[in-house]
Structure formats: structure tokens, C-alpha cells
Amino acid sequence: MQPGSFFHTTECFGPVLGLMRAEDVEEAIALANAVPFGLTGGIHTLDDREIAYWKDQIQVGNAYVNRSITGAVVRRQPFGGWKASNVGPGAKAGGPNYMLQLGTWRQVDPPHSKQTLRQA
């Protein structure tokens, strides 16, 4: 696949594999970040410098190092995107604050002080 091609610039779901050649990790990150999406990305390397650089530069919502990049586990690995892969207020699905974004919250009664509770 070529930079700027359909598979490079389109967020595709399903069993699709697109390969691009990069001379080094910097070029690979530039190619990955050059798209309007950023759901998931991963790197496999034994070089700690590449890992640190990749983590600092990659623009994805879910970043995986030296492991599979599919199959996030709910309540253990919140899942959400970056850039155009993000929908809504930004709380990741499966995360501890996910349900809060699905409702409208307001206080119904004023909080009771300890003094008021003791007198009741």
C-alpha cells in the first residue's frame, strides 16, 4: 500500500491487513499519524529507545507495546480512539467513568449535614 492510498487514509474494520514500508520508527510513526483516525496502534520492538519515542509520538487512543492489539477486556482495558476515531465526550468504553457520560446528572435534594442527621 502507498502513503495516501485508500487503506492508508480510511479506518477499515474487519480482517484487513495493509502494509507500508518505513525506513525507521520515525517514518513509521509519521505515516501512522498522517491519517485523520487513531483508534489503535501497536509496536513490537526490543529497543527501549524506540518504545519510549513511539509512546511519546504516536497518536492513538489505545497504544499497545509488544502484545496483541485486538481484544480489549472491559473494565481492565478501556477502549476509545483519538482524532476522528473518538466519538462523544471522550470517556473510553469500559472505563470507570463510561456510564457517567450516558446520563444527565443533577442533585435532587441538598446534602444533609451530620448535625441535621443527628437531630432527626
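Every value quoted in this text rests on a predicted model; they were computed, and no experiment measured them. (Residues numbered from 1 in each chain as written. Predicted model: local features only at pLDDT ≥ 70, side-chain atom pairs only at ≥ 80, totals over all residues. Heavy atoms only, no water.)

Chemist: Tell me about unusual backbone geometry, and please be specific about residues and values.
Modeler: Positive phi, normally seen in glycine, also occurs at Asn66, with a value near 55°. Structurally, the position occupied by Asn66 is in the loop between strand E3 (62-65) and strand E4 (82-83). (Helix = DSSP H or I, 4+ residues; strand = E, 2+ residues; numbered from the N terminus.)

Chemist: Can you lay out the pairing of strand E2 (residues 40-43) for me, pointing to particular residues and giving the numbers?
Modeler: In E2, alternate side chains face the same way, and those of Gly41 and Ile43 are buried while those of Thr40 and Gly42 on the opposite face are not. Taken together, the four bridges between E2 and E3 define a ladder with parallel strand orientation. The residue bridging Gly42 from the neighbouring strand is Tyr64, located in E3. Considered for its hand, the β-α-β crossover made up of E2, helix H3 (residues 48-57) and E3 is right-handed. (Buried < 20%, exposed > 50% of the residue type's maximum accessible area, 1.4 Å probe, protein only. Pairing = 2+ DSSP bridges. Right-handed = clockwise from strand over helix to strand, strands pointing away.)

Chemist: Tell me about the pattern of salt bridges, and please be specific about residues and values.
Modeler: Opposite charge on two side chains makes pairing possible when the charged atoms of those side chains draw close. Tallying each qualifying case throughout the model produces two salt bridges. Between Glu23 and Arg21 there is a salt bridge; the shortest N-O distance is 3.8 Å. Across the salt bridge formed by Arg49 and Asp47, the nearest N and O atoms sit 3.0 Å from each other. For Asp47, a relative accessible area of 23% gives the class partly exposed. (Salt bridge = Lys/Arg side-chain N within 4 Å of Asp/Glu carboxyl O.)

Chemist: An account of the packing of helix H2 (residues 25-33) against H3 is requested, with residue identities and associated values reported.
Modeler: At a closest axis distance of 11 Å, the pairing of H2 and H3 adopts a crossing angle of 20°. What the angle tells us is that H2 and H3 run roughly parallel. The handedness of the crossing between H2 and H3 comes out as right-handed. Across the interface between the two elements, Val25, Glu26, Ile29 and Asn33 from H2 touch Glu50, Tyr53, Trp54 and Gln57 from H3. Residues belonging to the contact of H2 with H3 are distributed by class as follows: four nonpolar, two polar and two charged. (Axes fitted to C-alpha atoms, helices over the stretch in contact; angles between N-to-C directions. Parallel < 35°, antiparallel > 145°, perpendicular 65-115°, else oblique. Left-handed = near helix turned anticlockwise from the far one by under 90°. Contact = heavy atoms within 4.5 Å. Nonpolar A, V, L, I, M, F, W, Y, C, P; charged D, E, K, R; others polar.)

Keep in mind that these numbers describe shape and distance, not what the molecule does.
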